[in-house]
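Analysis of the macromolecular model
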Amino acid sequence: MKISFLIQPNSVIIPIALPGTHIRDKMNKFNELSSDQIRQHVDTEQTYEVYAKSLREYDQRFSGSMSWKTSTNGKEYLYKKTGSIWKSLGPRSPETQTIHDHFHSGRDSSKARLARLAQRLDELAPVNRAMALGRVPLLTARIIRALDKLGLMGTAVDVVGTNALFVYERLAGVQITSGLLSTQDVDLLMDSRFSLRLISKEFGAKGLIGLLQKIDHSFAPLARNSYRAANREGFLVDLIKPTPKNIMSTNGKSRFSADEEDLQAIEIEGLSWLVNSPKVSAVVIDQRGYPLEYSCPDPRAFALHKLWLSRRADRDAAKRVRDGMQALVVADLIRAQLPHLSFDSNDLQALPLALRQLAPELQPVDDENQRIIPNW
């Protein structure tokens, strides 16, 4: 195996695995989806997209309730309830009667449409499982759906780390066959520039930890002001954000609420590259066969960032090896299945030049230049 050694002043030798043909040879690559799998996935995507659009329309137009209420003077008034607030729309009249009738007939029609689409998704789920299309861990999927329902996915939060691979393989129409998808955690990249107005009142006063506890009551922060929460099975949720350009700066948000028990994002070097990179998203399928959609950094930014991480001497050795392998498999996926994504493209200009200059190292070794001496 190709190994370099970094000699520290205290004489501790730290091995750093570098990308090379040996690592590539040991990795299983990816399998292209069959025509039947592609057709099934497309059917699921289309049904889900119609369902998601219909659900948004229902929430926007028909949430709450509308009813007549009799005032103290004996007159009837039309009231609309939004959340816990009732608002009068005026006394009974032909106009308010029309508003009342349209609201209830429209809501009934919308609910019937949603029920049919939900039934269709229930029918597709076992087929998706049988065809081995379910990829995203269940708990990860539930957390992402909850964040998406609040309008935070793709705005205040993106998925990074191993779970981004599920989006990349869907974009490429393949399934990564190595163990690089195995994960018992989810990394949530917080864009601290988001507006508080984006956060629904339903998020609650406890913020992210409160949301996690609604999904699984055993979730708890690992410490006070922690960026990490775990449930009783050891599943981890990390809230991370970039280190600011000005290290003395206190701008930007670190929590989704004012509650001291809420998770507090930890600043990590290099994440600004992912926040500022182009974003991609795709409809993927969880292990029970149900669809979800989420966004993550461009796969080229992912590959370059993972390669950079694999060179850091202060990173855990096992993680460095995994980082390097994930960088290579995504680079291979881009080259084989997504050739329109060029590492030389102008849309990567937000990444520092030093990072973009690592791209040639993600290319496979040309057969003519292969070594003829054993890798002693």
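Summary of the structure given here. (Residues numbered from 1 in each chain as written. Predicted model: local features only at pLDDT ≥ 70, side-chain atom pairs only at ≥ 80, totals over all residues. Heavy atoms only, no water.)

Our focus in this paragraph is the environment of Leu 188. Tracing the backbone shows Leu 188 in strand β9 (residues 185-190). Along the chain, Leu 188 and Val 237 lie 49 residues apart, while their C-alpha atoms are 7.4 Å from each other. Residues within four places of Leu 188 in sequence aside, it is in contact with Leu 147, Val 157, Asp 158, Leu 208, Val 237, Asp 238, Leu 239 and Ile 240. (Helix = DSSP H or I, 4+ residues; strand = E, 2+ residues; numbered from the N terminus. Contact = heavy atoms within 4.5 Å.)

Another aspect to go through is the sheet that holds strand β5 (residues 76-82). Spatially, the 3 strands line up as an open sheet ordered β4-β5-β6, and their pairing is antiparallel. Taken across any chain shown, the strands that pair with only one partner, and hence form the sheet edges, are β4 (65-70) and β6 (85-91). In this sheet, neighbouring strand axes are inclined to one another by 30° on average, regardless of whether the strands run parallel or antiparallel. Bridge count between β4 and β5: 6 bridges; the pairing is antiparallel. Across the sheet, residue Met 66 finds its bridge partner in β5, namely Lys 80. Sheet strands in contact with helix α3 (residues 94-130) are β4, β5 and β6, and its direction is about 145° off that of β4. (Pairing = 2+ DSSP bridges. Axes fitted to C-alpha atoms, helices over the stretch in contact; angles between N-to-C directions.)

Before going further, it helps to examine empty space enclosed by the protein. Enumeration over the complete set of coordinates arrives at 1 cavity of 30 Å³ or more. Of the pockets and cavities examined, the largest cavity occupies roughly 80 Å³. Every residue along the wall of the largest cavity is listed here: Leu 33, His 41, Leu 133, Arg 135, Phe 166, Glu 169, Arg 170, Val 174, Gln 175, Val 284 and Ile 285. If you list the elements that add at least two residues to the lining of the largest cavity, you get α5 (164-172), β8 (174-176) and β14 (279-285). (1 Å grid on protein atoms, 1.4 Å probe; cavity = no way out; pocket = protein on both sides within 12 Å on 5 of 7 lines; lining within 4 Å. Points joined across faces, edges and corners; volume = space filled by probe spheres on them.)

A few words now on the nonpolar core. If you look at the biggest cluster of nonpolar residues, it comprises 75 residues, and the most contacted ones within it are Leu 212 and Tyr 294. Excluding anything up to four places from it in sequence, Leu 212 contacts Ile 143, Phe 219, Ala 229, Val 237 and Leu 263. Of all hydrophobic cores here, the second largest spans 7 residues; its members include Phe 62, Met 66, Trp 68 and Leu 78. (Core = buried A, V, L, I, M, F, W, Y, C linked by side-chain atoms within 4.5 Å. Buried < 20%, exposed > 50% of the residue type's maximum accessible area, 1.4 Å probe, protein only.)

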